[in-house]
Amino acid sequence: MRMAELYPVGQAVEIGSLVFAAEDIVRFAADFDPQPFHLDAAAARRSLFGGLCASGWHSSAGWMKCFVPFWAGECRRLAAEGIDPPKLGPSPGFTGLRWLKPVFAGDTITYSVTLLASRPLASRPGRLINTILCAGANQHGEPVIRFESTVLEFA
Amino acid sequence: MTDALLTFEDFSPGRRFDFARRTLTADEIVAFAREFDPQPMHLDEQAGRASILGGLAASGWHTSAVMMRMLYEAYIRRAASEGSPGVDLMEWKRAVLAGDTLSGHCSVLEARVSRSRPEIGIVRFRAEVTNQRGELVAVCEFANMMRRRTAEGAGHAHG
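Residues numbered from 1 in each chain as written. Chains lettered and ligands numbered in written order. Predicted model: local features only at pLDDT ≥ 70, side-chain atom pairs only at ≥ 80, totals over all residues.

The name recorded for chain B in an unreviewed UniProt entry is MaoC family dehydratase, from Shinella pollutisoli.

Per an unreviewed UniProt entry, chain A is named MaoC family dehydratase, and its organism is Shinella pollutisoli.

Trainee: I'm lost on the confidence of the model for chain B in this one. Help?
Mentor: The predicted coordinates ought not to be read in detail in places where the model reports low pLDDT. All names here are of chain B. The pLDDT averaged across chain B works out to 93; a share of 92% of its residues lies at or above 70. Segment residues 153–159: pLDDT under 50, and 4 contacts once partners within four positions in sequence are set aside and those in other chains are kept. Scoring the predicted complex yields pTM 0.93 and, for the interface, ipTM 0.94. (pLDDT = per-residue confidence, 0-100. Contact = placed C-beta atoms within 7 Å.)

Trainee: Whenever I open this one, the packing of helix α5 (residues 56–80) of chain A against helix α4 (residues 60–74) of chain B confuses me. Can you help?
Mentor: Packed helix pairs are specified by the crossing angle of their axes together with the interaxial distance, meaning the distance between the axes. Close contact between α5(A) and α4(B) brings their axes to 10 Å; oriented N to C, the two are set at 175 degrees. The pairing of α5(A) with α4(B) is recorded here as roughly antiparallel in orientation. Listed contacts from α4(B) to Trp57(A), Ser60(A), Ala61(A) and Met64(A) of α5(A) are Trp61(B), Ser64(B), Ala65(B) and Met68(B). In the contact of α5(A) with α4(B), the residues fall into 6 nonpolar, 2 polar and no charged. (Axes fitted to C-alpha atoms, helices over the stretch in contact; angles between N-to-C directions. Helix = DSSP H or I, 4+ residues; strand = E, 2+ residues; numbered from the N terminus. Parallel < 35°, antiparallel > 145°, perpendicular 65-115°, else oblique. Nonpolar A, V, L, I, M, F, W, Y, C, P; charged D, E, K, R; others polar.)

Trainee: Would you explain the pairing of strand β5 (residues 127–137) of chain A in this entry?
Mentor: Remark: a regular strand shows side chains that alternate across the two faces of the sheet. Residues and elements named next belong to chain A. In this sheet, β5 lies alongside strand β4 (residues 108–120) in antiparallel orientation, the contact comprising 10 bridges. Within β5, the residue paired with Ser 118 across the bridge is Asn 130. Taking the residues between adjacent antiparallel strands as the criterion, β4 and β5 are bridged by 6 residues, where Gly 126 takes a positive phi near 90 degrees. In terms of strand pairing, β5 meets strand β6 (residues 143–154) through 11 bridges, oriented antiparallel. Bridge pairing links Arg 127 to Phe 154 in β6. The hairpin formed by β5 and β6 contains 5 residues between the paired strands, and Gly 141 there has a positive phi angle of roughly 80 degrees. (Pairing = 2+ DSSP bridges.)

Listed below in structure tokens is the structure:
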């Protein structure tokens, strides 16, 4: 079955939550984004952000960290219902990523996915391109991240 | 004596910053994937070869994070950066396989003073990441907020 047959266009589905512990924020930043406000609580308090906060690439990768087990669960659920799960391929990228608010140490981000559109790939019969809205909100319900991604589907 | 920080005024359109080369090992690819993107083609050589990626391939999020580190080393570490509001586009053009050596550059697309915060400017960049064969593996267009020189030194100076 295809994504568009299973997930109504425009309807957000929660895919999981992630707690951003200070040690995880610092470990990611030390590898990939060693700016002071991602590494050091005192420096972060003096910065525009006002506190230790995650690299935007960390909160972005957090979406994928939630999506992979969510999707595995969906595939198991569909198979148990006798439905052939959609076969998804790699993503060619994303657009319109906004880091709307900092993700501070201790924040819990709940991520979601919304199918926006699904269309056949004219150049490659048997393949579809799905456009999805990926988002995350903190424990106060404030949106912290959003981006639109494309995902290949094998029909 | 340390070099002065690069401020908004230093990022004129067309200015280019080259990335240092970095080889991505299978261990790094697998470690990142275990934490953030545990799909078979990012975890296992055999599964990677069987996939359309053609080998043990880095998660696109890993490639993006490595690009971030390259940006940091290329200019952010010596710039009056105030973070980024977001990324207009990120394209993963080609698989990054274990053992690939990445490099590339970023260049300034445009620079303008913030209307809401005149003490900073917003610089838009395009980054291109290439592999050891010169093939483009990732493209990213993003914005970076930079303090203006007038906001450095004496904070009370007129802009």
